[in-house]
Amino acid sequence: GTVRVCARAGSFGHGRSVRRGVLILPGLGNNAADYGPLASLLEARGMAVEVAQVSRLDWSRNAAALVDPNWWKGTLQPRPAVNWYLERADRAMQKLKRRVEAADAPITMLAHSAGGWLGRVYLMHWGTAGVDRYVSLGSPHMPPPRDAPGVVDQTRGLLTACNEACPGAYHSSISYVTIAGKFLHGAPLVGPPTAATAVHTTTPPTPPAAAAAAASATPAVAAAAAAAAGAATNPRSAADLVAALRRVAAAAGRGGRGGGYEGVGRAQGQGQAQEQQKVPLLARLAGAGYQQVCGHPEVWGDFIVPQPSAHLHGATQVDLEGVFHSPLGERLPFFGPWYGSEQVLDLWFHHLTGEDEEKEQQLLRQELQRMQGPDGAAVIIPANGSSAVNEVLMSAGRGAMAGAIKH
């Protein structure tokens with residue numbers, strides 16, 4: 001979509017120009033003050049920021065839904081159950097609109113954790129006027145699978161109702177971005193984990209299709225091809241996909257930089273051995289939480305919300321390595337930076353504004369054109385004659401054009 005630019009000068013604090021308004025929606029158990037540091041960082045970058053004013057005690061209002069028979073049936077509806085939150089969000093939204101009115105600046109809804117699906121409900125009932133972007137940080141968007149053993153829907157039907165009313169990237173006038181943290185791979189609460197979860201690592205699992213397609217390639221080509229297919233299936237950005245495609249080219253002997261990808265693999269392997277000692281307890285605790293949200297303990301997540309539940313169909317999906325769920329992560333030495341930490345903000349700020357999207361899309365178009373022949377066929381031919389890389393590249397190109405490029 002087209003990014004709207006301020007049509008006339010507006011200002012906030014010290015005469016700086018307002019680039020965009022940002023409404024922050026707090027997550028379950030958090031209060032507005034938890035997002036003060038993030039709001040300050042955004043204000044320093046030219047954003048006008050308002051945070052929905054909720055306190056930790058306010059969340060006890062959800063207990064009022066216990067008198068609703070639908071709570072006990074697991075068929076609870078967002079309204080009136082969470083009207084109190086939605087009304088706080090609207091007060092902050094109206095205040096923000098008054099602040100950006102003079103600058104004619106667009107608004108991004110920035111939602112953390114449960115604020116993600118609550119924000120979707122808000123847009124459904126209060127409307128989308130003035131909002132052109134939606135970014136969620138570690139939000140549980142998908143309800144747990146029905147009848148999964150040992151799983152109880154903690155929202156008592158709220159997430160199901162939300163997804164039935166406004167599934168995926170619902171509003172065509174809004175650009176949706178869902179961001180998930182890959183802080184820890186979960187393990188079962190009891191019993192041995194599988195081999196895939198025995199080690200805490202930030203290396204994503206190889207998609208089955210990519211593994212099959214690259215089976216006959218050389219090890220370096222196979223690894224790079226799997227990475228390219230994974231990037232096409234769930235690209236963090238067009239730039240990431242381009243980087244993955246270039247690794248395939250280098251590993252296959254084109255570009256003169258073969259072997260670089262293997263070096264990355266060795267570095268990750270060394271890190272795995274160092275991390276292994278602290279995995280068991282945290283991984284089991286994380287896995288128990290993941291299971292209640294998505295039905296499976298052995299998945300990646302930010303320690304609270306599993307990655308499979310944090311994305312919306314049709315949204316730009318971004319996975320961030322080593323990012324913890326909550327602002328509390330910065331205060332506890334055994335966790336780490338959260339989504340709103342300054343060093344992490346640099347990784348996703350462009351999604352908040354959308355200002356770099358067109359440049360990324362152009363880069364991807366150019367790279368795909370360079371790597372494909374006139375008839376659309378990939379022109380990379382591995383030295384061993386395998387067609388695996390060509391197949392993966394074609395798949396990656398189709399996935400990128402369908403999911404990463406918006407015409």
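Analysis parameters
- Residues numbered from 1 in each chain as written.
- Predicted model: local features only at pLDDT ≥ 70, side-chain atom pairs only at ≥ 80, totals over all residues.
- Heavy atoms only, no water.
- Helix = DSSP H or I, 4+ residues; strand = E, 2+ residues; numbered from the N terminus.
- Buried < 20%, exposed > 50% of the residue type's maximum accessible area, 1.4 Å probe, protein only.
- Contact = heavy atoms within 4.5 Å.
- Areas by Shrake-Rupley, 256 points an atom, 1.4 Å probe, with all protein chains shown as cover.
- Axes fitted to C-alpha atoms, helices over the stretch in contact; angles between N-to-C directions.
- Parallel < 35°, antiparallel > 145°, perpendicular 65-115°, else oblique.
- Left-handed = near helix turned anticlockwise from the far one by under 90°.
- Nonpolar A, V, L, I, M, F, W, Y, C, P; charged D, E, K, R; others polar.
- Phe/Tyr/Trp six-rings, centres within 6.5 Å; stacked < 30°, edge-to-face > 60°.
- Pairing = 2+ DSSP bridges.
- Right-handed = clockwise from strand over helix to strand, strands pointing away.
- 1 Å grid on protein atoms, 1.4 Å probe; cavity = no way out; pocket = protein on both sides within 12 Å on 5 of 7 lines; lining within 4 Å.
- Points joined across faces, edges and corners; volume = space filled by probe spheres on them.
- Polar contact = N/O pair within 3.5 Å; in protein donor to acceptor, adjacent residues only side chain to side chain.
- Disulfide = S-S within 2.5 Å.

Draft legend 1. Layout of the overall build of the protein. When you go through the protein residue by residue, the secondary structure sums to 14 helices and 10 strands. Here the protein, with 407 residues, has 51% of them falling under the buried criterion. Counting only contacts in the protein whose residues sit at least 6 apart along the sequence, the fraction spanning at least 24 positions is 73%. By element, 57% of the accessible surface of the protein is carried by carbon and sulfur atoms, the whole surface being about 18,500 Å².

Draft legend 2. Summary view of unusual backbone geometry. Look at the link from R79 to P80: it is a cis peptide, with omega at 15°. Checked against the element boundaries, P80 lands in helix 3 (residues 78-81). Positive phi, close to 55°, is recorded for D104, a residue that is not glycine. Located in the positive-phi region is F303, a residue other than glycine, with phi close to 90°. Take F303: it is sitting in the loop between strand 9 (300-301) and strand 10 (316-321).

Draft legend 3. Highlighting the packing of helix 1 (residues 36-44) against helix 12 (residues 342-353). Between helix 1 and helix 12, whose axes approach to 12 Å, the crossing angle comes to 55°. One way to sum up the angle between helix 1 and helix 12 is to call them oblique. Helix 12 is crossed by helix 1, and the crossing has right-handed handedness. Judged by residue contacts, L38, L41 and L42 of helix 1 engage E342, L345, F349 and L352 from helix 12. Per-class residue counts for the contact of helix 1 with helix 12 are 6 nonpolar, no polar and 1 charged.

Draft legend 4. Representation of the packing of aromatic side chains in the model. In the structure shown here, the tally under the stated rule is 8 aromatic pairs. With a centroid separation of 5.3 Å and 85° between ring planes, the pair formed by W59 and W84 is classed as edge-to-face. Here W84 lies in helix 4 (residues 83-100) and W59 lies in the loop between strand 4 (47-51) and helix 2 (69-73), a separation of 25 residues in the sequence. You can call W59 buried: its relative accessible area is 11%. Here W59 and Y85 contribute two aromatic rings whose centre-to-centre distance is 5.4 Å and whose plane-to-plane angle is 45°, an arrangement assigned as tilted. Taken together, the residues span a long stretch of sequence, with W59 in the loop between strand 4 and helix 2 and Y85 in helix 4 at a distance of 26 residues.

Draft legend 5. Highlighting the environment of A111. Among the structural elements, A111 can be located in strand 5 (residues 107-112). For A111, a relative accessible area of 0% corresponds to the buried category. Between the C-alpha atom of A111 and that of I24, which follows or precedes it by 87 residues, the distance is 5.7 Å. Non-local contacts of A111, meaning those with residues more than four positions away in its chain, are made with L25, G116, V135, S136, L137 and S139.

Draft legend 6. Region of the structure containing the side chain of N30. With respect to the element layout, N30 can be found in the loop between strand 3 (20-25) and helix 1. N30 gets classed as buried once you look at its relative accessible area, which sits at 8%. Excluding residues that lie within four positions of it along the chain, N30 makes contacts with Y35, V54, S55, R56, W59, H112, S326 and P327.

Draft legend 7. Spotlight on the pairing of strand 5. Within strand 5, 6 of the 6 residues are buried, which leaves the element mostly enclosed by the surrounding structure. Of the two faces of strand 5, both are covered, the one formed by I107, M109 and A111 as well as the one formed by T108, L110 and H112. Two strands pair when backbone bridges link them, and strand 3 and strand 5 are joined in this way by 5 bridges, in the parallel orientation. By the bridge assignment for strand 5, V22 is matched with T108. Summarising the sheet, strand 5 and strand 6 (residues 131-137) pair through 6 bridges and their orientation is parallel. Following the sheet pairing, I107 is matched in strand 6 by V131. For the segment spanning strand 5, helix 5 (residues 115-126) and strand 6, crossover handedness is right-handed.

Draft legend 8. Structural view of the layout of surface pockets. Empty space within the second largest pocket amounts to approximately 730 Å³. Among the secondary structure elements, those contributing two or more residues to the lining of the second largest pocket are helix 4, helix 5, helix 6 (158-165) and helix 11 (279-294). Per-element accounting of the lining of the second largest pocket gives the leading share, 3 residues, to helix 11. Classifying every residue of the lining of the second largest pocket gives 21 nonpolar, 8 polar and 2 charged.

Draft legend 9. Up close: the side chain of S341. As for its placement among the helices and strands, S341 is situated in the loop between strand 10 and helix 12. A distance of 3.0 Å separates a polar side-chain atom of S341 from the backbone nitrogen of W338.

Draft legend 10. Representation of the state of the cysteines in the model. Enumeration over the complete set of coordinates arrives at 0 disulfides. Looking at the unpaired C166, the closest cysteine sulfur is the one in C162, lying at 4.0 Å. The exposure class assigned to C166 is buried, which follows from its relative accessible area of 3%.

Shape is all these values report; function is a separate question.
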